[in-house]
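# A structural walkthrough
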2 protein chains.
Amino acid sequence: MTGHTHPAGLHTDLYEIRMVESYLRRGMTAPATFSLYIRPTVDRPWFLALGVHRVLEALETFRYDAPELDYLRSVGVEAPTLDWLASFEPSGEVWAVAEGTIVLGHEPILEMTAPLPVAQVLETAVINLIQFPTLVATKAARIALAAAGRPVVDFGFRRAHGLETGVEAALAAHIGGVTATSNLEAGRRYGIPVVGTMAHAFVQAFPTELEAFRAYAEDHPDGTILLVDTYDTVAGVHNAIVVADEMRSAGRHLRGIRIDSGDLDELSRAARKMLDDAGHTDVQIMASGGLSEVSIAVLVERGAPIDAFGVGTDLVVSMDRPAADIAYKLVVYDGRPVAKFSVDKATYPGAKQVFRRTDPSADVLGLRSESLPGEPLLAVVWRDGNVLTAFDLDAAKQRAADAVSALPTAWKVPAYASPTPVPGVSDALRALAGSLRSYPDG
Amino acid sequence: MTGHTHPAGLHTDLYEIRMVESYLRRGMTAPATFSLYIRPTVDRPWFLALGVHRVLEALETFRYDAPELDYLRSVGVEAPTLDWLASFEPSGEVWAVAEGTIVLGHEPILEMTAPLPVAQVLETAVINLIQFPTLVATKAARIALAAAGRPVVDFGFRRAHGLETGVEAALAAHIGGVTATSNLEAGRRYGIPVVGTMAHAFVQAFPTELEAFRAYAEDHPDGTILLVDTYDTVAGVHNAIVVADEMRSAGRHLRGIRIDSGDLDELSRAARKMLDDAGHTDVQIMASGGLSEVSIAVLVERGAPIDAFGVGTDLVVSMDRPAADIAYKLVVYDGRPVAKFSVDKATYPGAKQVFRRTDPSADVLGLRSESLPGEPLLAVVWRDGNVLTAFDLDAAKQRAADAVSALPTAWKVPAYASPTPVPGVSDALRALAGSLRSYPDG
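None of the values given here were measured: they were computed from a predicted structure.

A few words now on the sheet that holds strand S11 (residues 308-311) of chain A. One open sheet holds the six strands; their spatial order is S7-S6-S11-S10-S9-S8 (chain A), and the pairing between them is parallel. The sheet terminates laterally at strand S7 (180-181) and strand S8 (225-227) of chain A, the two strands that pair on one side only.

A word on the relation of the copies chain A and chain B. Each copy superposes on the other: chain A lies on chain B with an RMSD of 0.0 Å after a rotation of 180° and an axial shift of 0.0 Å. Both copies of the chain, as the preceding transformation shows, are related through a two-fold rotation axis. Of the C-alpha atoms belonging to chain A, the one lying closest to the rotation axis is found on His161 of chain A, 3.1 Å away. When the interface residues of chain A are mapped onto chain B, 100% of them again lie at the interface, so the same face is used by both copies.

To continue, consider the domain arrangement of chain A. All names here are of chain A. Taken as a whole, chain A is organised into domain 1 (8-136 + 324-436) and domain 2 (149-316). The C-alpha-based centres of domain 1 and domain 2 are spaced at 39 Å. Listed as interface residues are 14 residues of domain 1 and, on the opposing side, 15 residues of domain 2. Mapped by element, the contributors of at least two residues to the side of domain 1 that touches domain 2 are helix H6 (123-147) and helix H15 (393-405). For the side of domain 1 that touches domain 2, the leading source of residues is H15, giving six residues. In terms of residue class, the side of domain 1 that touches domain 2 is made up of twelve nonpolar, one polar and one charged.

Residue and element names in this part refer to chain A. The interhelical angle for the contact between helix H11 (residues 233-249) and helix H12 (residues 264-277), taken along N-to-C directions, is 30°, at an axis separation of 10 Å. Comparing their axes, H12 and H11 come out roughly parallel. With respect to the hand of their crossing, H11 and H12 are arranged in right-handed fashion. Across the interface between the two elements, Thr233, Val234, Val237 and Ile241 of H11 pack against Leu267, Ala270, Ala271, Met274 and Leu275 of H12.

Moving on: the interface of chain A and chain B. Facing 82 residues of chain A, the contacting portion of chain B comprises 82 residues. When contributions to the side of chain A that touches chain B are tallied by element, the ones reaching two or more residues are helix H1 (14-25), helix H5 (116-121), H6, helix H7 (163-176), helix H8 (184-190), helix H9 (200-205), helix H10 (209-219) and strand S12 (326-333) of chain A. No other element matches H1 of chain A, which puts seven residues into the side of chain A that touches chain B. Looking at the side of chain A that touches chain B residue by residue, the classes come out as 37 nonpolar, 27 polar and 18 charged.

Moving on: the environment of Val195 of chain B. Topologically, Val195 of chain B is positioned in the loop between helix H8 (184-190) and helix H9 (200-205). Linking Val195 of chain B and Thr179 of chain B, residues 16 residues apart in sequence, is a C-alpha distance of 9.9 Å. Look past the residues within four positions of Val195 of chain B in its chain and what remains in contact with it is Leu14 of chain A together with Val153, Ala180 and Ser182 of chain B.

What follows covers helix H3 (residues 66-74) of chain A. Among the residues of H3 of chain A, those classed as buried are Glu68, Tyr71 and Leu72 of chain A. The buried side chains of H3 of chain A occupy one side of the element, clustering within an arc of 100° when seen end-on. Exposed side of H3 of chain A, more than 90 degrees from the buried face: Ala66, Pro67, Asp70 and Ser74 of chain A are the residues found there. The elements touched by buried residues of H3 of chain A are H1 and helix H4 (79-86) of chain A together with H8 of chain B. Looking one or two places after H3 of chain A, you find Gly76 of chain A, whose phi comes out positive at around 90°.

A separate point is the packing of helix H2 (residues 52-61) of chain B against helix H6 (residues 123-147) of chain B. To characterise two packed helices, one gives the angle between the axes of the helices and the distance between these axes. Residues and elements named next belong to chain B. It is the contact of H2 with H6, at a shortest axis distance of 8 Å, that shows an interaxial angle of 150°. By the criterion of interaxial angle, the relationship of H2 to H6 is roughly antiparallel. Crossing of H2 against H6: the hand is right-handed. Within the contact between the two elements, H2 uses Arg54, Val55 and Ala58 and H6 uses Ala125, Val126, Leu129, Ile130 and Pro133. The residue inventory of the contact of H2 with H6, partitioned by class, reads seven nonpolar, no polar and one charged.

The next thing to look at is the confidence of the model for chain A. The share of residues in chain A with pLDDT of 70 or more is 95%, and the mean pLDDT across the chain is 93. In the predicted complex, the global pTM is 0.95; the interface-specific ipTM is 0.95.

Residues and elements named next belong to chain B. Counting buried positions along strand S12 (residues 326-333) yields seven of eight residues, so the element is predominantly enclosed. Here seven bridges tie strand S1 (residues 31-38) to S12, and the two strands are oriented antiparallel to one another. Counterpart to Tyr37 in the pairing with S12 is Ala327. Taking the residues between adjacent antiparallel strands as the criterion, S12 and strand S13 (residues 336-337) are bridged by two residues, where Asp334 takes a positive phi near 55°.

Here the focus is H1 of chain A. Residue and element names in this part refer to chain A. Compared with an ideal rise of 1.5 Å per residue, which puts twelve residues at 16 Å, H1 spans 17 Å between its outermost C-alpha atoms and is within 8% of the ideal. Of all the twelve residues making up H1, ten are buried; the element is thus mostly covered by neighbouring parts of the structure. Those residues of H1 lying buried are Leu14, Tyr15, Glu16, Ile17, Arg18, Met19, Val20, Glu21, Ser22 and Tyr23. Directly after H1, the chain includes Gly27, whose backbone phi takes a positive value near 65°.

Procedures and definitions
Residues numbered from 1 in each chain as written. Chains lettered and ligands numbered in written order. Predicted model: local features only at pLDDT ≥ 70, side-chain atom pairs only at ≥ 80, totals over all residues. Pairing = 2+ DSSP bridges. Helix = DSSP H or I, 4+ residues; strand = E, 2+ residues; numbered from the N terminus. Least-squares fit on C-alpha atoms with pLDDT ≥ 70 in both. Contact = placed C-beta atoms within 7 Å. Domains from an automatic or database assignment. Nonpolar A, V, L, I, M, F, W, Y, C, P; charged D, E, K, R; others polar. Axes fitted to C-alpha atoms, helices over the stretch in contact; angles between N-to-C directions. Parallel < 35°, antiparallel > 145°, perpendicular 65-115°, else oblique. Left-handed = near helix turned anticlockwise from the far one by under 90°. Buried ≥ 20, exposed ≤ 12 C-beta atoms within 10 Å, placed from the backbone. Arc of directions from axis to C-beta. pLDDT = per-residue confidence, 0-100. Expected span 1.5 Å × (residues − 1).

This is the structure in structure tokens:
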């Protein structure tokens, strides 16, 4: 689909290459540690970190062949840098949290230690590859919390920013707690359960809605879900009941109806009553159509009789927060801790560790060299070309589920709207930061 | 990078295949016309349509090989449908507006006429491939309007939802009116001008900011832009002036400084005064750091002395509206016009044409069979496997620029916040809609 067969070394910004030119000219190739973390963000007390395995994959493909080097030459990149890029092969060490781990603002998801120009040129791709999976896994977890145990299905393939991105979204959503997807490529590639029945076009292609429902039920007797809102939802439920009666007479069973527009609270209650009155108490009601984390929470809170939710846009673009403010900052160069003091964007110096004691609300951010109470969240996952921890979808999913269920109650509120909590800071880290010039106050 | 070498036929949702099964069982393979349009949307009085060429590319690659068919068999797709998919090759006709055309709500960007199951199974990919380029081209045009003639640079590669999506964003942004990009892959692939100088890490990697500035100016004397906000912006401007003086003594010239944080209005004025007082009136000021269409408009309105803007997130995720409500609706089946009456999602029946008279505010939406005053916007672009109009980046860019400059003044306001205007409707279309059951009122 993409037609992209080039190695990935141009997945970077020009300034990275300009800096590499200077680093190489000046022999500045000592080890540098860059720390990737999310800046504290309103509406997201925590993030489900995901995407480290994509970064490790990228370390395998981030290379430069003749077409890439020719292009760089054409924009004035100098010969020694082109030679260096021609034999580019990342070395060093990546520390990271496990996929599906909950992190707060300032807590590193990943730290890369490599010769300065190596770690520098990877910046753009590393940030890109962590951001999107993390956004969607987090949004999925929040939607699943809002749905309070009811299944949630990913309907977002058409709304994602690109086709590959739609597949990546389905994976991240599943790890974050979404039950199934409509996305066939994601089903094939990752084994995620796939579901789906009919669109409005199906109903319209038949002379009448009832004929469309009968046809579908005959062709797909297992798991039939009839879409009832093409013309008029109440009339659609009547037609669904006719088909449910016919199926029952034939010893079969209508699985459910789906309402995709209108006042879902009111319509689901009306539909539930009609179905129950007709003796179809076991026919489920699925809702979809522009649903979000917040609207699902409201429907659940009001007790709307909805058994499952289909979510598209809000899930796959993380609609209310479609970007995370991810930093990838130099924290050590050649053994010297460094920091940045830009207004509102200050960084802590030094390679770090996060110590988790009970739940994330008691986290302490310290130096990697420290031993403090609690579980250290970051571990080595890659060294000199070798992946030390293979990606395990089921483990990530389980880790995420456990982490979300262990969150403090106040952090499980869907429409939570206060600044991201930040971890406590160890004495050693605070002292190091203070010894430079200034440091960010939680 | 993607490792995706499969044909693209699974870039669809399961329900499309379930519907295809029924269509094939029942011989419902007559021609269907689906119409793709954006539903009226607040904050976007118009959209710059883009992505049709991606759809035409997808028609070439949307196929099923053994792994795809094996997967579909594993989820219960029946044999006749698998046989049909095995020889899938889209036929029919695509009508579309030219890339870079301005459209209003309800105005079709694309209409596909093909055997019903063919047009149905393509739905997910078609919506996906139009949405993202259209969102970003539109946002780019709005940012360029806000910048009022000052150059805007795409800094968004790291913030896009995926690496390929970052490249697609750079292309769409350039067509929409963004001058240059930091994105090297987009530069190589599409010939978009690339720019970039240094990140904060560069400054931090040297013992002092002044040493970093001197090194960069020595290594890259042409087009040097110094990033002045790593530690303290005013002190950074002082250091930049030291380097500008040194460059001038050596017969060279500092191109500019970049401020990436803080109060950009206040800091740009302070920096401008310092530079002017030092005799460097020709050293430019570039601003970046979380800039948006709205914040740029405010800076320009206040007269902040900023010569160029770098924009990331707001541009490449269309931050304030990261999804468009795109419909792909059946409007004709087997010669019979059809419509949908769902609450707030009603559709007009029939294959359509848009007649543009003076500017988009006087558009009339009519039937394709009508001849009305004005320029018809939709034309055949693909027929039975043949692309009839090749994608031309420069033409699309010029078309977009002309269209945006011809917009009514009220539609050029950046923070515009009223419903998307909708076109007038021809008498014939209104009569056809009324003859069905109900129709959407503009």
